[in-house]
Amino acid sequence: MADRAARSGSTTPPAGAGGVASSRPAPKKKHYSLLTRRDTITLWVMAGIPTLLVGVFILLPTLASIVLSFTSWNGIGGLGAIKFIGLKNYSDLINVYQPFFPALEHNLIWLVFFLLIATPLGMFFAVLLDKNIRGTRIYQSALYMPVVLSLAIVGFIWQLIYAPEQGLLNNLLGRTEQGNQISWLGDPSINLWAILVAASWRQVGYVMVLYLAGLKGFDPVLREAASIDGASEVQTFFRVVFPVMRPINIVILVITVIESLRAFDLAFITNKGLNGLELLSTLVTNNIIGETSRIGFGSAIAVVLLVISVGPIIFYLFRSLKEDD
Amino acid sequence: MSQIVTAGAAHRRKNLRRGGLQAFLITMSVIWLLPLAWALYTSFRPYDQTATYGYVSIGGIYNLDNYVNSFNQGQLPMYFLNTVIILVPAVILVLFLSSMMAFTVSRYSWRFNLILLMVFSGANLLPPQVIITPLFRIFLVLPMFAPLSDNGVMYDQYIGITLIHVAFQMGFCTFVLSNYMKTIPKALNEAAVVDGASVWKTYWTIILPLTRPALAALATLQVTWIYNDFFWALILMKTGAKYPITSALNNLQGEFFTNNNLIAAGSILVAIPTLIVFFALQKQFVSGLTLGSTKE
């Protein structure tokens, strides 16, 4: 109801100049006309301060990233020193800057790994835990514990497992001597997979918690009906539960995509995102905190990240805000 | 007769499946707990003990030396305090501002309602690296007055980190709170207006108290997320002594160089506040997460 009012307010041109539909004569909205001048100002302030903060700290920098990506600015000599150089940063990115395609590839591997392994595993755990067998709460807690930890701590904890000499894994494999050590985090052909396992340790629990909440809201009558019709549990899940869970499936899909694009902490804490762990996010960071602060160029990488993220974000927003009834 | 037999067989089969399921879940839970358990185990063993016995071994001395050393050498109290200085105002501000925003968009008809909600939520979903380069430049010049800033700008200041957290988290909180507020009957507003209550009074004395469960869940979630943030201070602060604890981990790594026992103890110490959230406020944390993904 409130939403419908909000929706009609946003699609039909309002009579009031300020945007608050206070002077609308429609009888349904009678209470709006009861807003005093002071109330209108209060509402403007209440919405204005948050909007200003988001505007200055997020929207403005997003737009500035786009503009700066067409310039060659190293941050020295004020805004006057900004020179527009067209698409040069982008052509350099593609033709000259070697870490770019590896980073893009690593982000993609990250996404595929999450989509094919971490996320389905989390959903699978949720389905099993939803059966309410004995000990469910304990299993749930164990699987969900890593979710509260920061990725930086996750990185540290897994270093204890991956360290070449002191690490658990090489000790168990008997590969701790110089020469036969496996450098899980140092070898660029395996370190991405090593941190993906660490990242999944946390992602699985995250997906499990979200999916489990969705399953709890699932109408048990549907499941009973399927079982009476002779459907097996697997059939029931894929033909009945999964399709009905469509909204939460989409949320989880979007979270998976966005988490893959946001991947940063683990790679950075492991080796500053170099040597096999390049990601778009670490390239942006290294371009501004390095000795040579290349703002225009770093912005171009940020814009690539923006362009990739915008699709799933908009898709998600339309689904979650439009289907609001 | 044969029917009874098959029923019994089916029952046995079901029991067997349950048993298999239990075994599988126990195995998975053990695997999941193993990394943390390993860190815990390593943290109790002095370095020379693991050097003699090897890391994967039982025996020798167990004590809390690593905790004492990482706490002192790593200057953890200082970094914990930095986190508190950033975190407490950030959580209060983000809940206060986003509840006001949610109140206006969910309970009044604005022209830009939907657009604003979309922009807010979208801003929250962006990877932080998309905005960091210009934000870094903005922080270098954006003025901030004396008690809140000792260099006149936002860069390298607690207030800067607090505000970027507030701006970044506001989208999620507004989204959750406005969904929550939509479930509060609109008639309450009308009753308040009839009683002559102002908009502010309606928000503060009627709607906000009813939103308390959502606020509690969000507060838990925000404390955890802001505590866990690694990125913002890394770029927007330069004084290492001002770093919040999670960002400081990056420097600690250099200090504890190759001493895995110290790293283990330090990790556990830094994880303790979030583990408290895990044990004590699990319900709030989970309901905060799910409030954001499902609708009432």
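Since the model is a prediction, treat every value here as computed from it, not as a measurement. (Residues numbered from 1 in each chain as written. Chains lettered and ligands numbered in written order. Predicted model: local features only at pLDDT ≥ 70, side-chain atom pairs only at ≥ 80, totals over all residues.)

A. A look at the overall build of chain B. On a plain count of helices and strands, chain B comes out with 14 helices and zero strands. Counting helices and strands in the order they occur from the N terminus, chain B gives α-α-α-α-α-α-α-α-α-α-α-α-α-α. Taking 19 Å as the expected radius of gyration for a compact globule of 296 residues, we find that chain B reaches 25 Å, considerably beyond that expectation. With the C-alpha coordinates aligned to their principal axes, the bounding extent of chain B is approximately 80 × 75 × 35 Å. Split into buried and exposed, the 296 residues of chain B put 49% on the buried side. Taking the intrachain contacts of chain B between residues at least 6 apart in sequence as the baseline, contacts between residues at least 24 apart amount to 74%. (Helix = DSSP H or I, 4+ residues; strand = E, 2+ residues; numbered from the N terminus. Rg over C-alpha atoms; globule rule 2.2 N^0.38 Å. Buried ≥ 20, exposed ≤ 12 C-beta atoms within 10 Å, placed from the backbone. Contact = placed C-beta atoms within 7 Å.)

B. Focus on the nonpolar core. Counting 174 residues, the largest nonpolar core has M208(A) and A167(B) as the members making the most contacts within it. Once residues lying within four places of it in the same chain are set aside, the contact partners of M208(A) are G122(A), F125(A), A126(A), L143(A) and Y144(A). (Core = buried A, V, L, I, M, F, W, Y, C linked by C-beta atoms within 7 Å.)

C. The domain arrangement of chain B, seen in detail. All names here are of chain B. When its domains are assigned, chain B resolves into domain 1 (2-66) and domain 2 (68-293). The distance between the C-alpha centroids of domain 1 and domain 2 comes to 36 Å. Listed as interface residues are 11 residues of domain 1 and, on the opposing side, 11 residues of domain 2. For the side of domain 1 that touches domain 2, the element with the highest residue contribution is helix α1 (residues 2-43), accounting for four residues. Among the residues forming the side of domain 1 that touches domain 2, the class breakdown is five nonpolar, four polar and two charged. (Domains from an automatic or database assignment. Nonpolar A, V, L, I, M, F, W, Y, C, P; charged D, E, K, R; others polar.)

D. Here's a closer look at helix α11 (residues 246-262) of chain A. Look at α11(A): 24 Å from first C-alpha to last across 17 residues, which is about the 24 Å you get at 1.5 Å a residue. Every buried residue belonging to α11(A) is among I248(A), V251(A), I252(A), I255(A), T256(A), V257(A), E259(A), S260(A), L261(A) and R262(A), and all of these are buried. (Expected span 1.5 Å × (residues − 1).)

E. The interface of chain A and chain B, seen in detail. Contacts between the two partners involve 89 residues from chain A, matched on the other side by 92 residues from chain B. For the side of chain A that touches chain B, the element with the most residues is helix α2 (residues 37-68) of chain A, which contributes 19 residues. Classifying every residue of the side of chain A that touches chain B by side-chain character gives 62 nonpolar, 20 polar and seven charged.

F. Looking closely at the environment of S70(B). Residues and elements named next belong to chain B. In this fold, S70 is placed in helix α3 (residues 65-73). Taking the number of C-beta atoms within 10 Å as the measure of exposure, S70 has 26 and is therefore buried. For the pair formed by S70 and T211, sequence separation is 141 residues and the distance between their alpha carbons is 41 Å.

G. Structural view of the packing of helix α6 (residues 151-162) of chain A against helix α13 (residues 260-280) of chain B. Where α6(A) meets α13(B), the axes come as close as 10 Å, and the angle between the chain directions of the two elements is 150 degrees. Judged on the interaxial angle alone, α13(B) and α6(A) are roughly antiparallel. Handedness of the α6(A)/α13(B) crossing: left-handed. Contacts from I153(A), F156(A), I157(A), Q159(A) and L160(A) of α6(A) reach α13(B) at N260(B), I263(B), A264(B), S267(B), V270(B) and A271(B). Of the residues that constitute the contact of α6(A) with α13(B), the class distribution is eight nonpolar, three polar and no charged. (Axes fitted to C-alpha atoms, helices over the stretch in contact; angles between N-to-C directions. Parallel < 35°, antiparallel > 145°, perpendicular 65-115°, else oblique. Left-handed = near helix turned anticlockwise from the far one by under 90°.)

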